[in-house]
Amino acid sequence: MSYSDTARSPVPLSETRSPMPLLFRRHSSGEIRNIASVSSSILPAFGTVIGENSIKLKRFVIAPYDRRYRLWQTFLVVLVVYSAWASPFELAFKKAATGGLLPVDLVVDAFFAIDIILTFFVAYLDKSTYLLVEEHNKIAFRYISHLWFPMDVASTLPFQTINRIVTGKMNRGPVFGFLNLLRLWRLRRVSEFFSRLEKDTRFSYFWTRYCKLICVTLFAVHSAGCFYFWLATRYHNADSTWIGTNVPDFKTRSIWLGYTYSMYWSITTLATVGYGDLHAVNTEEKIFTIFYMLFNIGLTAYLIGNMTNLIVHTAVRTFAMRDAINKILSYTSKNRLPEGLKEQMLAHLTLKFKTAELQQEQVLEDLPKAIRSSISKHLFRTTLENTYLFKGVSEDFIVQLVSEIKAEYFPPKVDIVIQNEIPTDFYIVVSGAVDVITYKNGTEQFLSKLGSQEMFGDIGVIFNIPQPFTVRSKRLSQVVRINHHHFKQLVQPLKEDGKIILANFVQHLKGLKMEELAEMPLISEFLDDLDSEEATVIEVGTQDQAGQAKQENIIPTTTPVLSNTLPTRVIIHGYDPDNRRTNEGGNAGKLIHLPDSVEDLLSIAETKFGKRGTTIAMADGSQVEDLAALREDDHLYIF
């Protein structure tokens, strides 16, 4: 849809604009380079089309996750850190509020005033539709009608400077100190900043959380120390305060001396050390200390709980692995299992934990089927195409099959397929190697070794017989498993692919070693029957100029899994059945696959015998009208 079409649409533009394209394309308001950095509160709209033709935002509208706007927000976080330190500090030490820190406060307030203006141009996400709203009137109404606007304004106004301009005097009363505490409202930006970092995969979650806990602790210590010093400065008897008993003239001493004493008291109280050198003296200080110690109980629990969760989270996999190993050791001990079997169990469990991130069932189980299929196609398509059984099959078959396979890892010396077990799956080696073993007279006999892109378990599945061999991993191996039910369902509607697969399978059987065929009498009989079929075709076939017999699409149909996919075979003759004896010598029959229509059958006969027939008859002279009534190896006479 073009931009003009959109403009004519009765649907408001704000309801059709999605935030997600802005994450993938560059335009005038910037771009996001890492989708992981986007807050979880921002979600793409359903049906969003991602591409270069995405519609841009309106003029003078800023995307909330614009890269430059994010940098601006990060810069403001740095200023918030200053405000969080300066607000309690200026309350306790009035000289700082009217001295060297005053110009800095004015500059910081100016930046936050600019941010208030910018907020009127920042699009927001509608929580009901998850679409960006970019109409200026809606953005402004939303901002003004919420608590954010009055609190942003109140935390930005320089009340002390305004009072000085109006009255011409510098007022150092406590009222302006408490008004400066409104700047602590800006701390919400720090919380939002850490929330984004915790969701950003480019940063370590452990260290991000750890830094957040440190910041919370430092702010609590700083604020409590400043308030405690403020209580001492406003008490009527300076010598009857927690600091006055140690520094009688503390009000006239250096600001940093008082700050040092304050931080010392706050840290020793938070750490529950309490040396007793600095202690509450008057009633107000005792009440404040009581509440501070109660607060410290909650803060300590918060810190310990978070640190415990972070540490346990990193060790939970180790705990689970050790617990599983202990259960295996207990089970093998109680049941007196052989040492070799116990080692196999432990090896398999260890490999499971080491390759947990590679197990696609666990990684992909919550993803849609289309994404899982695309990932499997990317990982295993080449392996399937190079496997002997699927060489030459259609693209459609490969795409359907790759979505049904399952990837597995096996440690060394683990039996993947067991001799004489019921066939349910066959496997393709992706990496590693496996040994094919047979048991004869109670002893193992090595037959062959299979490597990457080779298949095993296929003979048992296709012939629907017990697995003829044991297959054991030689080293760490990754295989893909194909369920025989899914395989059969895929092959049956794709007849041409079924012919190719069956031809590949027969060719593979002919290339087996003699010692392998000796262990499978059924396969030997199958190959003998196949040779007999070919000999029969040669007898009813024609001779070419070199005197060699021709075969007409010979494919066996005795394999149970694939037999339903093959068409019926018939033998055609180019003469009247009443004249069989006079024509047998010069016009032999030819074995063909029965086509879908009578017209196609007549065309094939014309190609084979050089003349166009009009009538199709059986050996008894009855005419054929419906090809569906014919059976395997029927003789048809076309004249």
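See the structure shown above.
Residues numbered from 1 in each chain as written. Predicted model: local features only at pLDDT ≥ 70, side-chain atom pairs only at ≥ 80, totals over all residues. Heavy atoms only, no water.

A. View of the overall build of the protein. Broken down by element type, the protein carries 23 helices and 14 strands. Across the 639 residues in the protein, those meeting the buried criterion constitute 44%. Long-range pairs, those at least 24 residues apart, make up 69% of the contacts in the protein between residues at least 6 apart in sequence. (Helix = DSSP H or I, 4+ residues; strand = E, 2+ residues; numbered from the N terminus. Buried < 20%, exposed > 50% of the residue type's maximum accessible area, 1.4 Å probe, protein only. Contact = heavy atoms within 4.5 Å.)

B. Molecular detail of the sheet that holds strand β11 (residues 569–573). What the four strands build is an open sheet, ordered β12-β11-β14-β13; its pairing is mixed. Unpaired on one side and paired on the other, β12 (590–593) and β13 (616–617) mark the two borders of the sheet. Both β11 and strand β14 (residues 635–638) contribute to a ladder of three bridges, which runs parallel. Bridge pairing in β14 links His573 to Tyr637. Helix α23 (residues 598–609) rests against β11, β12, β13 and β14 of the sheet, and its axis sits at about 55° to β11. (Pairing = 2+ DSSP bridges. Axes fitted to C-alpha atoms, helices over the stretch in contact; angles between N-to-C directions.)

C. Geometry of the pattern of salt bridges. Per the stated rule, a full pass over the model turns up 22 salt bridges. Measuring nitrogen to oxygen at the nearest pair gives 3.2 Å for the salt bridge that ties Arg234 to Glu284. Taken together, the residues Arg234 in helix α10 (residues 205–234) and Glu284 in helix α12 (residues 283–334) connect sequence positions 50 residues apart. Across the pair Glu606 and Arg612 runs a salt bridge, and its minimum N-O distance is 3.2 Å. For Glu606, a relative accessible area of 34% gives the class partly exposed. Looking at Arg612, the relative accessible area reads 40%, which means it is partly exposed. The structure contains a network of salt bridges with shared partners spanning Lys377, Arg381, Glu385 and Glu395. (Salt bridge = Lys/Arg side-chain N within 4 Å of Asp/Glu carboxyl O.)

D. Representation of helix α4 (residues 101–119) in the model. Over its 19 residues, α4 runs 27 Å from end to end, which matches the ideal 27 Å to within 8%, given 1.5 Å per residue. All of the buried residues along α4 are Leu101, Leu102, Asp105, Val108, Asp109, Phe112, Asp115, Ile116 and Thr119. Looking straight down α4, one finds that the buried residues subtend no more than 130° of arc, so they occupy a single side. (Expected span 1.5 Å × (residues − 1). Arc of directions from axis to C-beta.)

E. Fine view of the nonpolar core. Counting 52 residues, the largest nonpolar core has Leu389, Phe390, Phe397 and Phe456 as the members making the most contacts within it. If we ignore the near neighbours within four places in the chain, the residues touching Phe390 are Leu384, Glu385, Phe397, Ile398, Leu401, Phe426, Ile428, Met455, Ile482, Phe487, Ile501 and Asn504. Counting residues in hydrophobic clusters, the runner-up holds 45 residues, among them Val122, Ala224, Leu278 and Ala280. (Core = buried A, V, L, I, M, F, W, Y, C linked by side-chain atoms within 4.5 Å.)

F. Here's a closer look at empty space enclosed by the protein. Tallied over the full model, the rule gives five cavities of 30 Å³ or more. Counted as a void, the largest cavity has a volume near 130 Å³. Lining the largest cavity we find 18 residues, and of these Asp109, Pro158, Phe159, Asn180 and Arg183 sit closest to its centre. Going through the elements one at a time, α4, α7 (159–167) and α8 (174–180) are the ones with two or more residues in the lining of the largest cavity. When residues in the lining of the largest cavity are grouped by element, the largest group, four residues, is from α4. Class assignment for the residues of the lining of the largest cavity results in nine nonpolar, five polar and four charged. (1 Å grid on protein atoms, 1.4 Å probe; cavity = no way out; pocket = protein on both sides within 12 Å on 5 of 7 lines; lining within 4 Å. Points joined across faces, edges and corners; volume = space filled by probe spheres on them. Nonpolar A, V, L, I, M, F, W, Y, C, P; charged D, E, K, R; others polar.)

G. Fine view of the sheet that holds strand β3 (residues 406–410). Strand order in this open sheet of four strands is β3-β10-β5-β8, and the pairing throughout is antiparallel. The open sheet is flanked by β3 and β8 (455–456), the only strands paired with a single partner. Pairing between strand β5 (residues 425–431) and β8: two bridges, direction antiparallel. Bridge assignment links Ile428 to a residue of β8, and that residue is Met455. The strands touched by helix α15 (residues 369–386) within the sheet are β3, β5 and β10 (477–483), with β5 carrying the most contacts at an inclination of about 110°.

H. Up close: unusual backbone geometry. Phi is positive for Thr272, which is not a glycine, with a value near 55°. By the secondary structure assignment, Thr272 is in the loop between α11 (255–270) and α12.

I. Broad picture of the pairing of strand β6 (residues 434–440). For β6, the tally of buried residues reaches five of seven residues, placing the bulk of the element in the interior. Relative to strand β7 (residues 443–450), β6 is paired through seven bridges, and the arrangement is antiparallel. Looking at β7, one finds that Ile437 is bridged to Phe446. The sheet contact formed by β6 and strand β9 (residues 470–473) spans four bridges and is antiparallel. Directly across from Asp435, in β9, lies its bridge partner Arg472.

J. Spatial organisation of the packing of aromatic side chains. All told, the structure shown has 33 aromatic pairs when counted by the stated rule. Taken together, the ring pairs connect Tyr82, Trp85, Phe89, Phe93, Phe229, Phe250, Trp256 and Tyr259 into an aromatic cluster. Here Arg186 stacks its cationic end above the ring of Phe112, 4.0 Å away from the centre of that ring. (Phe/Tyr/Trp six-rings, centres within 6.5 Å; stacked < 30°, edge-to-face > 60°. Lys NZ or Arg CZ within 6 Å of the ring centre and 35° of its normal.)

K. Expanded view of helix α16 (residues 395–402). Among the residues of α16, Phe397, Ile398, Leu401 and Val402 are the ones counted as buried. Buried residues in α16, looked at end-on, bunch into an arc of 120°, giving them a common side. Buried residues along α16 sit in contact with α15, β10, α18 (484–491) and α19 (495–510).

L. Highlighting a nonpolar patch on the surface. On the surface, Ile287, Ile290, Phe291, Met293, Leu294 and Ile297 cluster together to form a nonpolar patch covering roughly 630 Å² of accessible area. Position of Ile287 relative to the elements: it lies in helix α12. (Patch = residues over 30% accessible without salt bridge, like charges linked within 9 Å, V, L, I, M, F, W, Y side chains within 5 Å. Areas by Shrake-Rupley, 256 points an atom, 1.4 Å probe, with all protein chains shown as cover.)

M. Representation of the pairing of β9 in the model. Burial of β9 is two-sided: the residues Thr470 and Arg472 facing one way and the residues Val471 and Ser473 facing the other way are all buried. Taken together, the two bridges between strand β4 (residues 415–417) and β9 define a ladder with antiparallel strand orientation. Looking at the pairing, Val417 lines up with Val471 of β9.

N. Inspection of the state of the cysteines at higher detail. Going through the model one piece at a time under the given rule, you end up with zero disulfides. Free of any disulfide, Cys215 has its nearest cysteine sulfur in Cys211, 6.6 Å distant. (Disulfide = S-S within 2.5 Å.)

Note that all results are geometric; they support no functional claim without further evidence.
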